[in-house]
Amino acid sequence: MRSFPLFLKLEGRSVLLVGGGGAAAAKLRLLGAAGARVAVITETPSPDLLAAIGDADASLMEGALTLAHVATADLV
């Protein structure tokens, strides 16, 4: 098995999700279901990601990832 199962309590924790495609949208749905406060940073959000952002009540930051973004998150 070439995977690393990881379980974290994310309720109310700040999570920075980097990416703009379908995989990011799927991860956002999982993070939102776990109760995380998710901020998404991407240069080009896909329509699927934009829909997931609305469903998960996440925030969107368009642009490039910076060290300042990383410094404010509990998990990236």
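Here the structure is a predicted model, which means the values were calculated and not measured.

## Observations concerning the pattern of salt bridges
Per the stated rule, a full pass over the model turns up 2 salt bridges. Of the charged contacts in the structure, one is a salt bridge between Arg29 and Asp48, with a shortest N-O distance of 2.8 Å. Pair noted here: Arg29 is in helix α1 (residues 22–33) and Asp48 is in helix α2 (residues 47–56), with a separation of 19 residues, a long-range link.

## Some details on the sheet that holds strand β2 (residues 37–42)
Pairing is parallel across the open sheet formed by 3 strands, whose spatial order is β1-β2-β3. At either margin of the open sheet sits one strand with a lone partner, and together these are β1 (14–18) and β3 (59–62). Recorded for the sheet is a direction-independent mean angle of 25° between the axes of neighbouring strands. Pairing analysis gives 5 bridges linking β1 to β2, with the strands arranged parallel. Each residue of the ladder has a partner; that of Leu17, found in β2, is Val40. In this fold α1 packs onto β1 and β2, with an angle of close to 170° to the strand it touches most, β1.

The rules behind each value
- Residues numbered from 1 in each chain as written.
- Predicted model: local features only at pLDDT ≥ 70, side-chain atom pairs only at ≥ 80, totals over all residues.
- Heavy atoms only, no water.
- Salt bridge = Lys/Arg side-chain N within 4 Å of Asp/Glu carboxyl O.
- Helix = DSSP H or I, 4+ residues; strand = E, 2+ residues; numbered from the N terminus.
- Pairing = 2+ DSSP bridges.
- Axes fitted to C-alpha atoms, helices over the stretch in contact; angles between N-to-C directions.
- Contact = heavy atoms within 4.5 Å.

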